[in-house]
Amino acid sequence: DAKTTQPNSMESNEEEPVHLPCNHSTISGTDYIHWYRQLPSQGPEYVIHGLTSNVNNRMASLAIAEDRKSSTLILHRATLRDAAVYYCILSRGTDKLIFGTGTRLQVFP
Amino acid sequence: GAGVSQSPRYKVAKRGQDVALRCDPISGHVSLFWYQQALGQGPEFLTYFQNEAQLDKSGLPSDRFFAERPEGSVSTLKIQRTQQEDSAVYLCASSLRGWGQVNQPQHFGDGTRLSIL
């Protein structure tokens, strides 16, 4: 399975945009890019996924580089509830998810 | 609507005891997954069911770990002769994914925190 690299931690102030980067230089053509997040004492929660084009949903936006070797999860206005560990995961449509250690996002009021 | 439900929420057992962890997936979800999450780490895949068929058990750490989903809905993860290194949060997830469907999101329960003394 292709690996992803994320910063260990990031900080943001409330109501500011947050850009969470992910590098995946060994991505293959059939790999989808998934993002999940995990709030304290909860199971992971699906955020967004994409293949080549940028994607938007009610939670976030996913910007994918043209060469697909990196992507960025964008939270447009961070809230305190967005404080969580964010995982960037590559999936080839096989069922299991391979989690790394993710990025711990802290949001300050 | 109801999400994935796991029980018990917390389980404490003595080393050597057997434990059983239950997962109620979202109704109608074909796929069911078990993951193990050690403190400070991301979840690690254990096993996967499509309906009642266990299609992948490559992540089960030893033959002390056994999972079943006999009627294609509720699943049980059983750990025999527990050891201290089994202490972790055990997460269950389900998805709509069936044959030919790709990249359906997985919906996770809040897990069972297992502590082995």
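Residues numbered from 1 in each chain as written. Chains lettered and ligands numbered in written order. Predicted model: local features only at pLDDT ≥ 70, side-chain atom pairs only at ≥ 80, totals over all residues. Heavy atoms only, no water.

Turning next to the overall build of chain A. For chain A, the count of helices and strands is zero helices and nine strands. Written out in order from the N terminus, the α and β elements of chain A read β-β-β-β-β-β-β-β-β. In terms of overall size, chain A behaves like a compact globule, its C-alpha atoms giving a radius of gyration of 13 Å where 109 residues would be expected to give roughly 13 Å. Projected onto its principal axes, the C-alpha coordinates of chain A cover approximately 40 × 30 × 25 Å. (Helix = DSSP H or I, 4+ residues; strand = E, 2+ residues; numbered from the N terminus. Rg over C-alpha atoms; globule rule 2.2 N^0.38 Å.)

Let's shift gears to unusual backbone geometry. A cis amide bond, omega -10 degrees, links Ser7(B) with the succeeding residue Pro8(B). The backbone of Arg68(A) sits at a positive phi, close to 65 degrees, despite the residue not being glycine. Positionally, Arg68(A) belongs in the loop between strand 6 (61–64) and strand 7 (70–75). One non-glycine residue, Arg81(B), lies in the positive phi region at around 45 degrees. Residue placement: Arg81(B) occurs in the loop between strand 8 (75–79) and strand 9 (88–95). The partly exposed category is assigned to Arg81(B), whose relative accessible area is 44%. (Buried < 20%, exposed > 50% of the residue type's maximum accessible area, 1.4 Å probe, protein only.)

With that settled, consider the environment of Tyr10(B). Residues and elements named next belong to chain B. Take Tyr-10: it is sitting in strand 2 (residues 10–13). Tyr-10 gets classed as exposed once you look at its relative accessible area, which sits at 58%. Linking Tyr-10 and Arg-69, residues 59 residues apart in sequence, is a C-alpha distance of 21 Å.

All names here are of chain A. Using the criterion set out here, one finds two disulfides over all chains in the structure. Covalent S-S linkage joins Cys-22 and Cys-88, the inter-sulfur distance amounting to 2.1 Å. Note on the Cys-22 and Cys-88 pair: the S-S dihedral is about -85 degrees, so by sign convention the disulfide is left-handed. Residue Cys-22 is found in strand 2 (residues 18–23), and its partner Cys-88 is found in strand 8 (residues 84–91); the two are separated by 66 residues along the sequence. You'll find Cys-22 and Cys-88 in the same group, each marked buried. (Disulfide = S-S within 2.5 Å.)

Centre-to-centre distance and the angle between the planes together describe a pair of aromatic rings. This structure, assessed with the given rule, holds 11 aromatic pairs over all chains. Ring centres 6.3 Å apart and planes at 65 degrees place the aromatic pair Tyr36(A) and Phe99(A) in the edge-to-face group. In this pair, Tyr36(A) sits in strand 3 (residues 32–38) while Phe99(A) sits in the loop between strand 8 and strand 9 (103–108), placing the two residues 63 residues apart along the sequence. Among the residues examined, Tyr36(A) registers a relative accessible area of 0% and is labelled buried. Within the aromatic cluster, the residues linked to one another by ring pairs are Tyr36(A), Tyr46(A), Tyr87(A), Phe99(A), Phe33(B), Tyr35(B), Phe45(B), Tyr48(B) and Phe108(B). We note Arg9(B) situated over the ring of Tyr10(B); from NZ or CZ to the ring centre the distance is 5.7 Å. (Phe/Tyr/Trp six-rings, centres within 6.5 Å; stacked < 30°, edge-to-face > 60°. Lys NZ or Arg CZ within 6 Å of the ring centre and 35° of its normal.)

A separate point is the environment of Ile89(A). Residue and element names in this part refer to chain A. Checked against the element boundaries, Ile-89 lands in strand 8. Classification of Ile-89 by relative accessible area gives buried; the value is 0%. In this structure, the C-alpha to C-alpha distance between Ile-89 and Gly-43, residues 46 residues apart in sequence, is 16 Å. Once you skip the residues sitting within four places of it in the chain, Ile-89 turns out to touch Tyr-32, Ile-33, His-34, Tyr-36, Leu-97, Ile-98 and Phe-99. (Contact = heavy atoms within 4.5 Å.)

Read these as geometric descriptors, not functional statements.
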